[in-house]
Amino acid sequence: MIRSVQESSPLQLSGWRLMGARLRYGASFVVAGLCLFLLGIPLIPLAFLLRSLFGWQDFIHPFAKFGARLYLRTAGARVTLSGLERLEPAQAYVFIANHQSNLDPPLIFCCFGRIIGALAKQELTRVPLFGQGMPLAHLIPVDRSNPKRAIASIKKGAEALRQGYSLMAFPEGTRSVDGRVKEFKKGAFFIALEAGVPVVPVVINGTRRVMGKGTGLCIPGEVQVEVLPPIPTLGYTTKNIGELVEQVRQQIIERVKVD
């Protein structure tokens, strides 16, 4: 017998529910594309102009957050957020999260009540409009295949943090199918160390049930996001940064639900 939609796996869906999940998946990308097209074409050039003339750095963010919320709503993600009271409003952080779904970045981007940039794959710079708008949203492309460019990305990320902008990162580098947390890459931790800001473990549960990797489905359901206590980078160096990485990873592992 099929369980309720929010508890169902793709293999348990059949008939009109399966069709509905496929249509919702397609609709979510249509919405994302329309937001990028309808908002990006007029607003990206305007944002660059306002930055050049008046120094306005964050004009694009309210519109980007609107698009992210609309994308999450179309996908059927019902979000429960906890732990924000652990954060200082004026403090910049590097948010380190586990990665289960394409829904994870917009979740953190639009639900934390602050401006948050991100470390992003270099390939995203080739996406029309999105690539052009990345600098406006403090999205920092990272080219892991080129050590010099990777170092430049670290310095650029640290500078954004010093200016008061937080960053998010998914150091697994890929989405988990079953919830198990993969090994962490260290780039985001080096950026936090360079800027002297705390790292914040973030635990995401439920997004792989809503929009799992490779399923081609959106199944409306509950998503939980938990912000854990910030961890200062004071006392860590490039020599012992692995200890910080493993501490953050273990805290996330303890709270992630796996199959």
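What comes next is a walk through the structure. Numbering of residues starts from 1 in every chain and runs along the sequence as written. Owing to the predicted nature of the model, reporting of local features is limited to residues with pLDDT of at least 70; listing and counting of side-chain atom pairs is limited to 80 or more, with chain, interface and lining totals taken over all residues. Side-chain calculation: all heavy atoms of the structure are included, whereas hydrogens and water are not.

## Things to note about the sheet that holds strand β5 (residues 166-169)
Here we have seven strands laid out as an open sheet, ordered β1-β7-β6-β2-β5-β3-β4, and mixed in their pairing. Edge positions in the sheet fall to β1 (77-82) and β4 (139-142), since each of these pairs with one other strand and no more. Each neighbouring strand pair of the sheet contributes to a mean axis angle of 25°, computed without reference to strand direction. For this analysis, residues touch if any pair of their heavy atoms sits within 4.5 Å. Working convention: axes come from line fits to C-alpha atoms, limited for helices to the stretch in contact. Angles between N-to-C directions cover 0 to 180 degrees. Only runs of H or I of at least four residues qualify as helices and only runs of E of at least two qualify as strands under DSSP, and these elements are numbered from the N terminus. With respect to the sheet, helix α6 (residues 187-195) is in contact with β2 (94-97), β3 (116-121), β5 and β6 (199-205), its orientation differing from that of β2 by roughly 160°. Paired strands are those between which DSSP finds at least two bridges.

## Examining the layout of surface pockets
Rolled over the atoms, a probe with the dimensions of a water molecule shows which regions are left empty. Reported here for the largest pocket is a volume of approximately 1,700 Å³. Taken together, 50 residues make up the lining of the largest pocket; nearest its centre are Pro105, Pro106, Leu124, Phe130 and Leu139. Take the lining of the largest pocket: its biggest share by element is nine residues, from helix α1 (residues 15-54). Charged residues are taken to be Asp, Glu, Lys and Arg, nonpolar residues to be Ala, Val, Leu, Ile, Met, Phe, Trp, Tyr, Cys and Pro, and polar residues to be all remaining types, Gly included. In terms of residue class, the lining of the largest pocket is made up of 34 nonpolar, 11 polar and five charged. The way it works is a 1 Å grid over only the protein atoms, where trapped points that fit a 1.4 Å probe form a cavity and open points with protein on both sides within 12 Å along at least five of seven lines form a pocket, and then any residue with an atom within 4 Å of a point lines it. Grid points are joined across faces, edges and corners, and a volume is the space filled by probe spheres set on the points.

## Description of the pattern of salt bridges
Within this document, salt bridges are pairs made up of a side-chain nitrogen of Lys or Arg and a carboxyl oxygen of Asp or Glu, the two lying within 4 Å of each other. Scanning the model with the defined rule gives nine salt bridges in all. Arg180 is the salt-bridge partner of Asp178, the closest N and O atoms lying 2.7 Å from each other. Salt-bridge contacts for Glu226 lead to Arg255; the nearest nitrogen and oxygen are separated by 3.8 Å. With Glu226 in strand β7 (residues 221-227) and Arg255 in the segment after α8 (241-253), this pair connects stretches of sequence that are 29 residues apart. Here the term buried applies to any residue with accessible area under 20% of the maximum for its type, exposed to any over 50%, and partly exposed to those in between, with areas from a 1.4 Å probe on protein chains only. For Glu226, a relative accessible area of 26% translates into the label partly exposed.

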